Amino acid sequence: MADFQKQTVQWFPGHMARTRRQIRESLPLVDAVTELLDARCPISSRNPELNDIIGNKPHLVLLNKCDMADASKTSAFLRYFNAQGEHALAVDCRSGKGLRAYPELVREVLKDRIAANRERGMAGRALRIMVVGIPNTGKSSFINRMAGRSRAKVADKPGVTRQNQWFAIGNGIELLDTPGVLWPKFEDENVGNTLAFIGSVKDEVLDSETLAFRLLEFLKRAYPGALEQRYKLERTQAMETLELFDQIGQKRGMLLRGGEIDYERVSNMLLDEFRSGLLGRITVDSIPGERG
């Protein structure tokens, strides 16, 4: 197997600097910014550069994929973001859950802008919102749902949107789509691991066996019941992680000739089942200042 301790998440996406520049150049065109976060990791999936980039523009936060996240933790994160003065909703852009509240929230956040437009004789002027987020957080799915038709290209992999696109979604609101943008360096190795877990960092940048091993370490500690239910295991927390890896491989019959565990197949299966929600509703992040 791979050396699990030494590998780190590294990536060199050449389009990221260009995307940051596009966001800055487009800010004068919009009234507010909506940031898509992954509800399974709302802190790790935030671009730490974003607040500096958008400055004092009104900022809405959507915790997407909430149906795949731990519901109690999502509620806690909503309280956290709202206490920070941000305007947060839990949504699932695939099903549309929670999105009906979005236009009303936009109009509440921008009520001063709406009043100013009315005073200037521009009552019908559209509210323009920039949609941002790191790769694979669901920006295109959000826009497609709000627009009522598949106008933005969608795929379950990072890096699909490549240029700015405008979409009218009704209710006097227009959305500006932007490419997903990461940041130059992960200061916290755990953030890099978490983003790799959810697929926001391309799989090629970290060995899948190493990544699956680290995911298992987290699940064994935080959600042992999910592993036991999915893979018919017992006493998960008492096992060493490698032993747990072997048990899952044996349960699934993922063996090489001679009976050895096919770690590559097990790793890919674990990552796929986590990302698709088959392991249950799981949240990887903790609220800052709280223990996970």
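Just so it is clear, the structure is predicted and the values come from calculations on it, not from any experiment.

Quick notes on the rules
- Residues numbered from 1 in each chain as written.
- Predicted model: local features only at pLDDT ≥ 70, side-chain atom pairs only at ≥ 80, totals over all residues.
- Heavy atoms only, no water.
- Salt bridge = Lys/Arg side-chain N within 4 Å of Asp/Glu carboxyl O.
- Helix = DSSP H or I, 4+ residues; strand = E, 2+ residues; numbered from the N terminus.
- Buried < 20%, exposed > 50% of the residue type's maximum accessible area, 1.4 Å probe, protein only.
- Axes fitted to C-alpha atoms, helices over the stretch in contact; angles between N-to-C directions.
- Parallel < 35°, antiparallel > 145°, perpendicular 65-115°, else oblique.
- Contact = heavy atoms within 4.5 Å.
- Nonpolar A, V, L, I, M, F, W, Y, C, P; charged D, E, K, R; others polar.
- Core = buried A, V, L, I, M, F, W, Y, C linked by side-chain atoms within 4.5 Å.
- Disulfide = S-S within 2.5 Å.
- Pairing = 2+ DSSP bridges.

Points about the pattern of salt bridges
Any two side chains of opposite charge can pair, given that their charged atoms come close.
Line of reasoning, step 1. Summed over all chains, the structure comprises 12 salt bridges.
Line of reasoning, step 2. Between Asp-67 and Lys-97 there is a salt bridge whose closest N-O contact spans 3.1 Å. Taken together, the positions of Asp-67 in the loop between β2 (59-64) and α3 (71-83) and Lys-97 in the loop between β3 (87-90) and α4 (101-109) put the pair 30 residues apart, joining distant regions of the chain.
Line of reasoning, step 3. Assessed through its relative accessible area of 31%, Asp-67 is described here as partly exposed.
Line of reasoning, step 4. Residue Glu-174 is joined to Arg-128 by a salt bridge in which the shortest nitrogen-to-oxygen separation is 2.9 Å. Of this pair, Glu-174 sits in strand β6 (residues 173-177) while Arg-128 sits in strand β4 (residues 127-132), and the two are 46 residues apart along the sequence.
Line of reasoning, step 5. Accessibility expressed as a relative area gives 22% for Glu-174, which makes it partly exposed.

Describing the packing of helix α10 (residues 241-251) against helix α11 (residues 263-275)
Line of reasoning, step 1. Between α10 and α11, the shortest axis-to-axis distance is 10 Å and the interhelical angle comes to 90 degrees. Judged by the inter-axis angle, α10 sits roughly perpendicular to α11. Every residue of α11 that contacts α10 at Leu-242, Phe-245, Asp-246, Ile-248 and Gly-249 is listed here: Tyr-263, Val-266, Ser-267, Met-269 and Leu-270.
Line of reasoning, step 2. Residue composition of the contact of α10 with α11, grouped by class: seven nonpolar, two polar and one charged.

A short note on the nonpolar core
Line of reasoning, step 1. By size, the foremost hydrophobic cluster in this structure holds 35 residues, and its most contacted members are Ile-248 and Leu-270.
Line of reasoning, step 2. Mapped onto this core, the elements with two or more residues apiece are α7 (189-198), α8 (208-222), α9 (224-231), α10 and α11.
Line of reasoning, step 3. By residue number, the principal contributor to this core is α8, which donates seven residues.
Line of reasoning, step 4. The residues touching Leu-270, leaving out its near neighbours within four places in the chain, are Ala-212, Leu-215, Leu-216, Tyr-231, Phe-245, Ile-248 and Leu-279.
Line of reasoning, step 5. By size, the runner-up hydrophobic cluster in this structure holds 25 residues, among which are Phe-142, Met-146, Phe-167 and Ile-169.

Observations regarding the state of the cysteines
Line of reasoning, step 1. Tallied over the full model, the rule gives zero disulfides.
Line of reasoning, step 2. You can see Cys-93 has no disulfide; the closest cysteine sulfur is in Cys-66, sitting 8.8 Å from it.

A short note on the sheet that holds β4
Line of reasoning, step 1. Sheet architecture is open: six strands sit in the order β3-β2-β1-β4-β6-β5, paired in mixed fashion. The outermost strands of the open sheet, each flanked by one partner alone, are β3 and β5 (165-168). Averaged over all pairs of adjacent strands, the angle between their axes in this sheet comes to 25 degrees, without regard to strand direction.
Line of reasoning, step 2. Relative to β4, strand β1 (residues 32-38) is paired through four bridges, and the arrangement is parallel.

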